[in-house]
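Coordinate analysis (summary)
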Amino acid sequence: MGRAGLGLLLPLALALGWEAAVRAGLAQGRLLPPPSRIAATLWELARSGDLWMHVSATLVRVGLGFALGAAAGIVAGALTATLPTLRRLVDPSLQALRAVPSLAWVPLFILWFGILETPKVMLIAVGVFFPVYVGVAGAIASVDRKLVEVGRIFRLSRAAQVRRILLPAVLPATVTALRTGLGLGFLFVVAAELMGASEGLGYLLIDGQQFSKPEQILAAIIAFAVAGKLADALLVALTTPLVRWQDTARDAL
């Protein structure tokens, strides 16, 4: 709780400073509303139930897209890292596709899947796939050769080498790749909710922009930040037992 409270000091200080500046007449607060107006907007959205509807819609899309993209990224990264021929065949194409902007996939996915939930989930999965793929492939490729040689000296079977040497060696980098992929999932969901969505935090952003409601835009941004932080904290909590054996010099982010 002490660490959480310390992390809230900076945003609270900025919010209180801006509120004081607006109330003192030093700033208008028209395009950047004071925190009191944003809080009132959040309260009204929560009271009417719209906030929970939008948050739940976004979280479901991100969750499904993250599951698909992370699973595909782990499998593809493991295969290309362990099979040199497959790596030379597939990796150049994947690295080229990784440079394609997220919005470039939108018209293609609409043509393929329509405008319902499938293209949205697939777009998020694409955003999650590439950082997980690169992270897993890089982690496997960077395993110390001496560790593998020790396993062979002790005549460990291939399955035992994977379980006792490779998995512990690649898990920390894989967890980091998953966290990066989850963050990109929240970035891609905004582009995904441009595809005919009628609910979701991305829709709330666009609605606020179209009707010139900056307090609604900022309320949606804050909801994004809170939801993303909570999702990241949940992922860290779920994966911490996998890397508890690490003897690190300082706490992980």
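Residues numbered from 1 in each chain as written. Predicted model: local features only at pLDDT ≥ 70, side-chain atom pairs only at ≥ 80, totals over all residues. Heavy atoms only, no water.

**Side note on the packing of helix H9 (residues 201–210) against helix H10 (residues 214–239)**
Orientation of H9 relative to H10, taken along the N-to-C sense of each, is 160°, at an axis distance of 8 Å. In terms of axis orientation, H9 runs roughly antiparallel to H10. Crossing handedness for the pair H9 and H10: left-handed. Listed contacts from H10 to Leu-201, Gly-202, Leu-204, Leu-205, Asp-207, Gly-208 and Gln-209 of H9 are Gln-216, Ile-217, Ala-220, Ile-221, Ala-223 and Phe-224. (Axes fitted to C-alpha atoms, helices over the stretch in contact; angles between N-to-C directions. Helix = DSSP H or I, 4+ residues; strand = E, 2+ residues; numbered from the N terminus. Parallel < 35°, antiparallel > 145°, perpendicular 65-115°, else oblique. Left-handed = near helix turned anticlockwise from the far one by under 90°. Contact = heavy atoms within 4.5 Å.)

**Points about the nonpolar core**
Formed by 45 residues in total, the largest nonpolar core has its most connected members in Phe-66, Leu-123, Leu-182 and Phe-186. A total of 12 residues in this core trace back to one element, the largest contributor, which is helix H6 (residues 117–141). The residues touching Leu-123, leaving out its near neighbours within four places in the chain, are Ser-102, Trp-105, Val-106, Phe-109, Phe-188, Ala-191, Ala-192 and Met-195. (Core = buried A, V, L, I, M, F, W, Y, C linked by side-chain atoms within 4.5 Å. Buried < 20%, exposed > 50% of the residue type's maximum accessible area, 1.4 Å probe, protein only.)

**Focus: the confidence of the model for the protein chain**
Across the protein chain, the average pLDDT comes to 82, with 92% of residues at or above 70. For the protein chain, the element scoring lowest by mean pLDDT is helix H7 (residues 145–153), at 71; helix H3 (residues 50–82) scores highest, at 90. (pLDDT = per-residue confidence, 0-100.)

**Brief notes about the pattern of salt bridges**
Evaluated as defined, the whole model comprises four salt bridges. Two residues, Arg-179 and Asp-232, come together in a salt bridge whose shortest N-O distance is 2.9 Å. Of this pair, Arg-179 sits in helix H8 (residues 158–192) while Asp-232 sits in helix H10; the two residues are 53 residues apart in sequence, bridging distant segments of the chain. Exposure remark for Arg-179: the relative accessible area of 24% places this residue in the partly exposed category. (Salt bridge = Lys/Arg side-chain N within 4 Å of Asp/Glu carboxyl O.)

**Things to note about a nonpolar patch on the surface**
On the surface, Leu-108, Leu-111, Trp-112 and Phe-113 cluster together into a nonpolar patch covering about 450 Å² of accessible area. Topologically, Leu-111 is positioned in helix H5 (residues 102–113). (Patch = residues over 30% accessible without salt bridge, like charges linked within 9 Å, V, L, I, M, F, W, Y side chains within 5 Å. Areas by Shrake-Rupley, 256 points an atom, 1.4 Å probe, with all protein chains shown as cover.)

**Re unusual backbone geometry**
A positive phi is found at Ser-212, a non-glycine position, where the angle reads about 55°. You can see Ser-212 is positioned in the loop between H9 and H10.

**Re the side chain of Thr-41**
Inspection of the secondary structure puts Thr-41 in helix H2 (residues 35–48). Among the residues examined, Thr-41 registers a relative accessible area of 16% and is labelled buried.

**Things to note about the side chain of Thr-58**
Relative to the helices and strands, Thr-58 is located in helix H3. For Thr-58, the residues in contact, after removing those within four places along its chain, are Val-189, Glu-193, Gly-200, Leu-201, Gly-202 and Phe-224.

**Some thoughts on the packing of aromatic side chains**
A complete count under the given rule lists six aromatic pairs for this structure. Summarising the aromatic geometry, the rings of Phe-109 and Phe-113 are spaced 5.8 Å apart at their centres and angled 65° between planes, so their arrangement reads as edge-to-face. Placement of both Phe-109 and Phe-113 in helix H5 is noted, with a separation of four residues, approximately one turn of the helix. The exposure class of Phe-109 is buried, given its relative accessible area of 3%. Both rings, one in Trp-112 and one in Phe-113, keep their centres 6.1 Å apart while their planes meet at 85°; by these two values the pair is edge-to-face. Overall, Phe-113 belongs to the partly exposed group, its relative accessible area being 34%. Three or more aromatic residues link up through ring pairs in this structure, and these residues are Trp-105, Phe-109, Trp-112 and Phe-113. (Phe/Tyr/Trp six-rings, centres within 6.5 Å; stacked < 30°, edge-to-face > 60°.)

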